[in-house]
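In case you want the letters, here they are:
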Amino acid sequence: MIEKSPKTARGSVQCENTNIHLLKANDFVADIIRKEIAKTKTLLINVTSSPGSGKTTLMQKTAEKLKDKINMAVMVGDLETERDAERIRETGIHALQIVTGGICHLEAQMVHQVLDKFDLENLDLLFIENVGNLVCPASFDLGEDYRVTLLATTEGDDKPKKYPKMFLTTDLMLVSKSDLLPYLPFTLEAVTKDAREVNHELEVIQISSLTDEGIDEWCDWLVEKINDKKGF
């Protein structure tokens, strides 16, 4: 009989309630981030979704629409490669990639370590494009002002109740890839009903980065939040 390897996964700790202690440490750093961006009145948005829901394409489209009106930048999290940050930089805005090396979410200490790479004093809006995952990122506060979650029509309209913590902690749900609605068994009514049964305060916008449906409404939402933070 082959004995089980005594080795544990890198970074794992075998003790009870480790996740509770890790989250307390994360929340401590998140509060530091929140205080730092409060000083500069930079709006910090944490963008979450499953892999392939269109986060990076939305960042590109948002940059194209707003870069001449506001100062914005993007912090991108991914397991490997700088591909997403490279795509965003092609629009002419600053983007920095955080390569997690296999970790399925961003943590506050990762964000805080690279925060000084951005000129916060002259930045109106900073996006955190989180790692594609509807599970782990839901538990980690990154010091953001708002959490925005994309849910693509290709994923099915039953996701909010399958991943309730993500939608409970989300301020705005963007139903992406709406241009594919005629070809899919997905309805905005069903996904909105499910999501608002989890979080009755959730805002919902239907978008397509290809046809521009909902993009102006999304950008107006961002500008309103920027102005609110600056006290305009």
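The rules behind the values
- Residues numbered from 1 in each chain as written.
- Predicted model: local features only at pLDDT ≥ 70, side-chain atom pairs only at ≥ 80, totals over all residues.
- Heavy atoms only, no water.
- Core = buried A, V, L, I, M, F, W, Y, C linked by side-chain atoms within 4.5 Å.
- Buried < 20%, exposed > 50% of the residue type's maximum accessible area, 1.4 Å probe, protein only.
- Helix = DSSP H or I, 4+ residues; strand = E, 2+ residues; numbered from the N terminus.
- Contact = heavy atoms within 4.5 Å.
- Polar contact = N/O pair within 3.5 Å; in protein donor to acceptor, adjacent residues only side chain to side chain.
- 1 Å grid on protein atoms, 1.4 Å probe; cavity = no way out; pocket = protein on both sides within 12 Å on 5 of 7 lines; lining within 4 Å.
- Points joined across faces, edges and corners; volume = space filled by probe spheres on them.
- Nonpolar A, V, L, I, M, F, W, Y, C, P; charged D, E, K, R; others polar.
- Arc of directions from axis to C-beta.
- Pairing = 2+ DSSP bridges.
- Axes fitted to C-alpha atoms, helices over the stretch in contact; angles between N-to-C directions.
- Phe/Tyr/Trp six-rings, centres within 6.5 Å; stacked < 30°, edge-to-face > 60°.
- Expected span 1.5 Å × (residues − 1).

A.B. asks: What am I meant to see in the nonpolar core here?
C.D. replies: Looking at soluble globular proteins, one finds that nonpolar side chains tend to be buried together. In terms of nonpolar packing, the biggest core is built from 29 residues, with Ile45, Leu125, Phe127, Leu174 and Trp218 touching the most fellow members. Put simply, the parts of the chain that give this core at least two residues each are strand 1 (43–48), helix 2 (55–66), strand 2 (72–78), helix 3 (83–89), strand 4 (125–129), strand 5 (146–152), strand 6 (172–176) and helix 8 (215–230). Examining the composition of this core, we find that 6 residues originate from one element, helix 8, more than from any other. Each residue touching Ile45, except ones within four places of it in the same chain, is listed here: Leu125, Leu126, Phe127, Ile128, Tyr146, Val148, Trp221 and Leu222. Judged by nonpolar contacts, the second largest core, of 21 residues, contains Ile33, Leu44, Met75 and Leu142.

A.B. asks: Is there a simple way to explain the side chain of Ser176 in this structure?
C.D. replies: Its location among the elements puts Ser176 in strand 6. Of the polar contacts made by the side chain of Ser176, one reaches the backbone oxygen of Ser53; its length is 2.8 Å. Beyond its immediate sequence surroundings of up to four residues, Ser176 is in contact with Ser53, Leu150, Leu151, Ala152, Thr153 and Ile207.

A.B. asks: Explanation requested: the layout of surface pockets in the structure shown.
C.D. replies: Remark: the empty space left among the atoms is shown by a probe the size of a water molecule rolled over them. In this structure, the largest pocket spans a volume of roughly 350 Å³. For the lining of the largest pocket, the secondary-structure elements that each account for two or more residues are helix 2, strand 2 and helix 3. The greatest single-element share of the lining of the largest pocket, amounting to 3 residues, is contributed by helix 2. A class-by-class count of the residues in the lining of the largest pocket yields 4 nonpolar, 11 polar and 7 charged.

A.B. asks: I keep staring at helix 7 (residues 188–198) and nothing clicks. Help me out?
C.D. replies: It helps to recall that an α-helix has 3.6 residues per turn; residues three or four apart then point in one direction. For helix 7, the set of buried residues is Val191, Thr192, Asp194 and Ala195. For helix 7, the buried positions fall inside an angular range of 165 degrees around the axis, keeping them on one side. Away from the buried face of helix 7 by more than 90 degrees, exposed residues Glu189 and Lys193 are located.

A.B. asks: Please clarify how the sheet that holds strand 7 (residues 203–206) should be interpreted in this entry.
C.D. replies: Sheet strands associate in pairs through backbone hydrogen bonding, adopting either a parallel or an antiparallel arrangement. Taken together, the 7 strands give an open sheet; going across it, the order is 3-2-4-1-5-6-7, and neighbouring strands pair in parallel fashion. The sheet is open, and its two borders are formed by strand 3 (94–99) and strand 7, each paired with just one other strand. This sheet shows a mean twist of 20 degrees between the axes of neighbouring strands, independent of strand direction. Most of the contacts of helix 8 go to strand 1, to which it runs at about 140 degrees, and overall it touches strand 1, strand 4, strand 5, strand 6 and strand 7.

A.B. asks: Hey, could you run me through the packing of aromatic side chains in this one?
C.D. replies: Both the distance between ring centres and the angle between the ring planes are used here to describe each pair of aromatic rings. On inspection of all chains with the given rule, the structure shows 3 aromatic pairs. Relative to Trp221, the ring of Tyr146 has its centre 5.5 Å away and its plane inclined at 70 degrees; by these criteria the two rings are edge-to-face. A residue pair is termed long-range when its members are at least 10 positions apart, and Tyr146 in strand 5 and Trp221 in helix 8 qualify at 75 residues. Under the relative-accessibility criterion, Tyr146 is labelled partly exposed at 22%. The class for Trp221 is buried, based on a relative accessible area of 6%. Ring centres of Trp218 and Trp221 lie 5.9 Å apart, and the angle between their planes is 15 degrees; this geometry places the pair in the stacked category.

A.B. asks: Explanation requested: helix 8 in the structure shown.
C.D. replies: Compared with the 22 Å implied by 1.5 Å per residue over 16 residues, the 23 Å span of helix 8 between its first and last C-alpha is a close match. Buried residues of helix 8: Ile215, Trp218, Cys219, Trp221, Leu222, Lys225 and Ile226, and no others. One side of helix 8 holds all its buried residues, which, seen down the axis, span an arc of 155 degrees. Contact partners of the buried residues in helix 8: strand 1, helix 2, strand 4, strand 5, strand 6 and strand 7.

Honestly, that's just the spatial picture; any functional story needs more than this.
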